[in-house]
Amino acid sequence: MSGLKSRLSFSSCLTTCAVLTAVLAPGAARAQSAGANEIGELVVTAQKREERLLDVPVSVAVVRAETLDVFGSNEAVDLAYRVPNLGVSNSAGPRSFGFFIRGIGTTSFASESIESSSAYVVDGVVMGQAGASLTDLPDVERIEVLRGPQGTLFGKNASAGVISVVTKTPSKEFEAAGKLSWAWPHDDRKAQAYVSGPISDDVGFLLSARLAKRDGFVKNLFDGRRLNDRNEYGVRGRLQVDPSDNFRLGIIGDWWRRNADCCIWTLVSPGTPLNVTEQAFLDRGVALRPGNDTQNIDGDVFSDVKSWGLSAQADYDFASGHTLTSITSYRYWETIDGLDTDSSPINRFNVNFAEFTQKQFTQELRLTSPKGPFLDYVVGLFYFNSDVHSESTQLQPLAAPTRFTNRIVDNYTNGENMAVFGQANLNFTDDFRAIVGGRYLQELAEAEKVRFDPINNATESRQAGKTDHAFLWRVGLQYDLNDNSNVFATVTRGYKGGGYDVGIGTTTLLDVRPEKPTNYEVGLRASFPDQRLLLNVTAFRLEVEDLQVTAREPGDIGLFLLLNAAEALSKGVEAEVYWRPMPDVDLTLSGSAAYTDGKYKSFLRAPCYRGQTAAQGCVGAVQDLSGAQLPYAPKWSFNLDANYRAEVAEGYTLFLDGNVNYRTNYPSNTPNDPATQHPGFALVNGAVGIGPTDGAWKLSVFGRNLTDKYYYTRKFSTPTVAGVGAYSDYHPYEARRIVGVSLDLKY
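What you are looking at is a predicted structure, and each value in this text was computed from that prediction instead of being measured.

Rules of the game
Positions within a chain are numbered from 1, following the residues in the order the chain's sequence is written. For a predicted model such as this one, the threshold for reporting local features is a pLDDT of at least 70, and the threshold for listing and counting side-chain atom pairs is 80 or more; totals across whole chains, interfaces and linings nevertheless cover every residue. Just so you know, side-chain values use all the structure's heavy atoms and leave hydrogens and water out. Per the convention used, a helix needs a DSSP run of H or I reaching at least four residues, while a strand needs a run of E reaching at least two, with both numbered from the N terminus. Values of the radius of gyration come from C-alpha atoms, whereas the globule rule sets the reference at 2.2 Å times the count of residues to the power 0.38. Exposed residues in this analysis have more than 50% of their type's maximum accessible area, buried residues have under 20%, and partly exposed residues fall in between, with area computed by a 1.4 Å probe over protein chains only. In short, Shrake-Rupley with a 1.4 Å probe defines the accessible areas, and a residue's cover is counted only from the protein chains shown. We count Lys and Arg on the positive side and Asp and Glu on the negative side, and we leave His and both chain ends out. For this purpose, a charge sits on NZ of Lys, CZ of Arg, CG of Asp or CD of Glu. Here, a strand pair is defined by DSSP locating no fewer than two bridges between the strands. In these notes, a set of buried Ala, Val, Leu, Ile, Met, Phe, Trp, Tyr and Cys residues joined through side-chain atoms within 4.5 Å is what counts as a nonpolar core. Only heavy atoms enter the contact rule, under which two residues are in contact if any of them lie within 4.5 Å. Whenever a pair of cysteine sulfur atoms sits within 2.5 Å, that pair is classed as a disulfide. Salt bridges are counted wherever a side-chain nitrogen of Lys or Arg sits within 4 Å of a carboxyl oxygen of Asp or Glu. Side-chain rings of Phe, Tyr and Trp (the six-membered ring for Trp) are treated as a pair once their centres are within 6.5 Å; stacked means planes under 30 degrees apart, edge-to-face means over 60, and tilted covers the remaining angles. Geometrically, a charge over a ring is one whose NZ (Lys) or CZ (Arg) sits within 6 Å of the ring centre while staying within 35 degrees of the ring normal. Only the contacting stretch of a helix is used when fitting its axis, a line to C-alpha atoms as for every element, and angles between N-to-C directions run 0 to 180 degrees. A patch is a set of surface residues, each over 30% in relative accessible area and not in a salt bridge, joined within 9 Å for like charges and within 5 Å for the nonpolar side chains Val, Leu, Ile, Met, Phe, Trp and Tyr.

Caption draft 1: Spatial organisation of the overall build of the protein chain. For the protein chain, the count of helices and strands is four helices and 43 strands. Relative to a compact globule of 747 residues, whose C-alpha radius of gyration would be 27 Å, the protein chain shows 26 Å and is just as compact. Across its three principal directions, the C-alpha atoms of the protein chain cover 70 × 55 × 50 Å. Residues counted as buried form 58% of the 747 residues belonging to the protein chain. In the form shown here, the protein chain has an accessible surface area of approximately 28200 Å², with 58% of it arising from carbon and sulfur atoms. Of the side chains in the protein chain, 72 bear a positive and 86 a negative charge, and the two mean positions are spaced by 5 Å.

Caption draft 2: Geometry of the pairing of strand S15 (residues 230–244). In terms of strand pairing, strand S12 (residues 203–214) meets S15 through 12 bridges, oriented antiparallel. Residue Arg 214 lies in a different strand from S15, and its bridge partner there is Arg 230. Looking at chain direction, S15 and strand S16 (residues 247–260) are connected through 11 bridges and run antiparallel. Within the sheet, the bridge partner assigned to Val 241 lies in S16 and is Leu 249. Between S15 and S16, which pair antiparallel and follow one another directly, the connecting turn spans two residues.

Caption draft 3: Up close: the nonpolar core. Ranked by size, the top nonpolar core spans 62 residues in total, and within it Tyr 120, Ile 143 and Tyr 600 carry the most contacts. Not counting the four nearest positions on each side in its chain, Tyr 120 is found in contact with Ala 76, Phe 99, Val 125, Val 126, Met 127, Ser 133, Leu 137, Ile 163 and Val 165. Core analysis: the next-biggest nonpolar cluster, separate from the first, contains 27 residues, Val 56, Val 121, Phe 384 and Ala 470 among them.

Caption draft 4: Spatial organisation of the sheet that holds strand S13 (residues 218–220). Read across the sheet, three strands follow the order S14-S13-S18 without closing on themselves; strand pairing throughout is mixed. For this open sheet the edge positions go to strand S14 (226–227) and strand S18 (294–295), each flanked by a neighbour on one side alone. In the sheet, S13 pairs with S14 via two bridges, with the strands oriented antiparallel. Among the inter-strand pairings, Lys 219 is bridged to a residue of S14, identified as Arg 226.

Caption draft 5: Structural context of the state of the cysteines. Taken as a whole, this structure holds two disulfides when the rule is applied. The disulfide bridge from Cys 262 ends at Cys 263, spanning 1.8 Å between sulfur atoms. The sign of the S-S torsion, about 90°, decides the handedness of the disulfide formed by Cys 262 and Cys 263: right-handed. The buried category is assigned to Cys 262, whose relative accessible area is 7%. The disulfide partner of Cys 608 is Cys 618, and the S-S distance across this bridge is 2.1 Å. Taking the sign of the torsion about the S-S bond as the criterion, the disulfide between Cys 608 and Cys 618, at about 100°, is right-handed. One end of the pair, Cys 608, is in the loop between strand S33 (606–607) and strand S34 (622–623); the other, Cys 618, is in the loop between S33 and S34, and 10 residues separate them in sequence. If the cysteines joined by disulfides in the protein chain are listed in sequence order, their pairing comes out as 1-2, 3-4.

Caption draft 6: Local environment of the environment of Val 203. You can see Val 203 is positioned in strand S12. When the C-alpha positions of Val 203 and Asp 242 are compared, they lie 6.3 Å apart, and in sequence the two are 39 residues distant. Apart from residues no more than four positions distant in its own chain, Val 203 is found in contact with Pro 198, Leu 239, Gln 240 and Val 241.

Caption draft 7: Representation of the pattern of salt bridges in the model. This model, assessed by the stated rule, comprises 38 salt bridges. Residue Arg 403 is joined to Glu 460 by a salt bridge in which the shortest nitrogen-to-oxygen separation is 3.2 Å. With Arg 403 in the loop between strand S22 (375–395) and strand S23 (407–427) and Glu 460 in strand S25 (residues 458–482), this pair connects stretches of sequence that are 57 residues apart. Taking relative accessible area as the criterion, Arg 403 reaches 51% and is therefore assigned exposed. Close ionic contact of Asp 657 with Arg 645 constitutes a salt bridge, the shortest N to O distance being 3.1 Å. You can see Asp 657 sitting in strand S36 (residues 652–663) and its partner Arg 645 sitting in strand S35 (residues 636–649), a full 12 residues away along the chain. A relative accessible area of 4% means that Asp 657 is categorised as buried. We classify Arg 645 as buried; its relative accessible area is 17%.

Caption draft 8: Representation of the packing of aromatic side chains within the structure. Within this structure, the stated rule accounts for 23 aromatic pairs. Ring geometry for Trp 265 and Phe 716: centres 5.5 Å apart, planes at 85°, overall edge-to-face. Placement of Trp 265 in the loop between S16 and strand S17 (266–269) and of Phe 716 in strand S41 (residues 714–717) is noted, with a sequence separation of 451 residues between them. Ring plane angle 55° and centroid distance 6.3 Å describe the contact between Phe 361 and Tyr 383, whose orientation is recorded as tilted. Of this pair, Phe 361 sits in strand S21 (residues 351–368) while Tyr 383 sits in strand S22, placing them 22 residues apart in sequence. Its relative accessible area of 33% is what places Phe 361 among the partly exposed residues. The class of Tyr 383 is partly exposed, set by a relative accessible area of 25%. Among the aromatic side chains, those forming a connected cluster through ring pairs are Phe 374, Phe 428, Phe 432 and Tyr 479. Here Lys 698 stacks its cationic end above the ring of Phe 655, 4.7 Å away from the centre of that ring. Residue placement shows Lys 715 over the ring face of Tyr 727; its charged tip is 5.5 Å from the ring centre.

Caption draft 9: Expanded view of the sheet that holds S17. Read from one edge to the other, the open sheet built from three strands follows the order S17-S42-S41, with strand pairing classed as antiparallel. Each edge of the sheet is formed by a strand with only one pairing partner; in this case those strands are S17 and S41. Between one strand axis and the next, the sheet turns by 35° as a mean value, whatever way the strands run. Strand direction decides the pairing type here: S17 and strand S42 (residues 727–730), joined by three bridges, are antiparallel. Note that in S42 the partner of Leu 267 across the bridge is Ser 728.

Caption draft 10: Structural context of a nonpolar patch on the surface. A surface patch of nonpolar side chains, about 680 Å² in accessible area, is lined by Leu 180, Val 648, Tyr 652, Ile 690, Trp 697, Leu 699, Leu 743 and Leu 745. Secondary structure elements with two or more residues in the nonpolar patch: strand S40 (697–704) and strand S43 (738–746). Tracing the sequence through the fold places Trp 697 in strand S40. Under the relative-accessibility criterion, Trp 697 is labelled partly exposed at 32%.

Caption draft 11: Structural detail: unusual backbone geometry. Cis geometry marks the peptide bond from Cys 262 to Cys 263; its omega dihedral reads 15°. Inspection of the secondary structure puts Cys 263 in the loop between S16 and S17. The peptide bond linking Thr 670 to Pro 671 adopts the cis configuration, its omega dihedral lying at 25°. On the secondary structure map, Pro 671 appears in the loop between strand S37 (666–667) and strand S38 (677–678). At Asp 187, a position not held by glycine, the phi torsion is positive, near 55°. Even without glycine at this site, Asp 546 takes up a positive phi of about 55°. Asp 546 sits in the buried class, given a relative accessible area of 18%.

Structure, rendered in structure tokens:
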């Protein structure tokens, strides 16, 4: 791959978008969709009940299944390049993974105890570990990204927002579908299929399976291995039992596995002075530059992940119009991963492995009233229990054998959360209402840490436990300007649970306090039926106290730990638009955009970056980042889609799809090293397909990242290389032009 290409300016990206829209909007064609004039009827469950998107006073971005499917995207991380103000930190495996919404998020290897700031929810079941969302997206009907604190209805780890995945339900008539795709480069192959239909008048089923394989795109110079490949497969089943008109029972089971030689970073710039590791690359003629797809290691790189779960949702409708819902779930997640950390063919730090397991049980019980009276509401009870055990092994045979340089660390944590919650509308008139919500919770956290030094035969251990109580709330007003538009203003107090820093570098169990966000929003929701246009605009101001960040501990024990060391302020505007410009043409234009001014309001003891001098603000190994830009919070970001369908011959339909996602520069890592500031970039995707109008099959050619734009999810100082200016990054497979073909079959 060539080096980092010149980035697109904001104006040139707008020009690209305009060209795409013009290409995909021919002057006349017959509509192929019965819903061409029903753009205002998009339905979401952002408030735990089915409502029109138009009526929901929450900043919601909706990603529909076909939007992802048409470009061959089927991973959770793909959402970061579909939704403005959604970012992702992803490098070296699932234990350090995290979503960022409006610049707020947490990535820490203390993930046994500390959860993500963004809740990842699948069919009403929250995933207790951010890494558990690093799977594919099976049987998706739609994905709702709720920005801002959503703890009132969605729980304690929704302080930045919620990613809610809603999957398909069994069909009333028998149907079967499959998809095969192949893409270049690196032989990217995917296969998926499902069957669905009735078993009897009261019972329906859906069964699906999928497989994704790809050769590694990183060549290992030491032995020729291909690293950072993909090898994943899974199955999922859903049974729907409706024995009467007022009772429904849905049972879901899923199993997923990844077993791959993944995931390692690559070196992108040498340091001063030059390290022997870097010299080995140069001796082989490898240029250390952005886009380097080589490594040179003698140790293992592996990622073996297993995930499975069962859930049951029962709904009972009372004669009064109330619905009682119970959601019960059990989930198991395990990752065994490791990599050769020294980036060299010498065994200096070959063993940096971990085995991590999480078991969780959740129970939610809620009562939903009918809409319309003076008071309508959703109230409920929630219980969550999570047990986590991790064992990490770090061996450095060439290092001085000081205590715990070589170590095996076992962490045991248990978390329990119990809550009562509710949200109500007080309908003073048909057009004017107040929004009142609250959640009271009790949270228990226990942690035990045991370190063993196999060289010095030394052992240390610590235990800790605590109980927190919190009250989350939401208040607001909403006014209907007419049947198709409304305005609202809300204030929400959120909460993200605390825990303990259980990092492997020390035996200390530092108390990490809860994170407390306060979010102010005003918004407009408007639909113009005659113009087939839906417009959502939300202005926000998000203040976060006790932000959980990696910082220097007061008293300076020589380590950087997860602490409540910062406050953040993120403010801006988010907008979504859905438009069918011509009533007799099946053309849909949709877009979303965000302006975000996200900064650390206070961050006095941030770690310095490598090579930072006193003149650059590093004093006593810390720097003051107050006023600095938040990570993964570009000032401007937008996403544009154009989807066109037309009958081009007797019984055949042409499909044209285009997408552009753009964001300005942002920090790709803490502590805001200028060298890790990601430049602005745009990703352009496109697809063209043809098939019979009855949908029996469709043959498509698709392209992702058509401009061959290089980007990365994280950039950092190269581990074990001490030279100033030595950097590595983790870039995904999609950081290159991908062209493929796919065949869809449907019965």
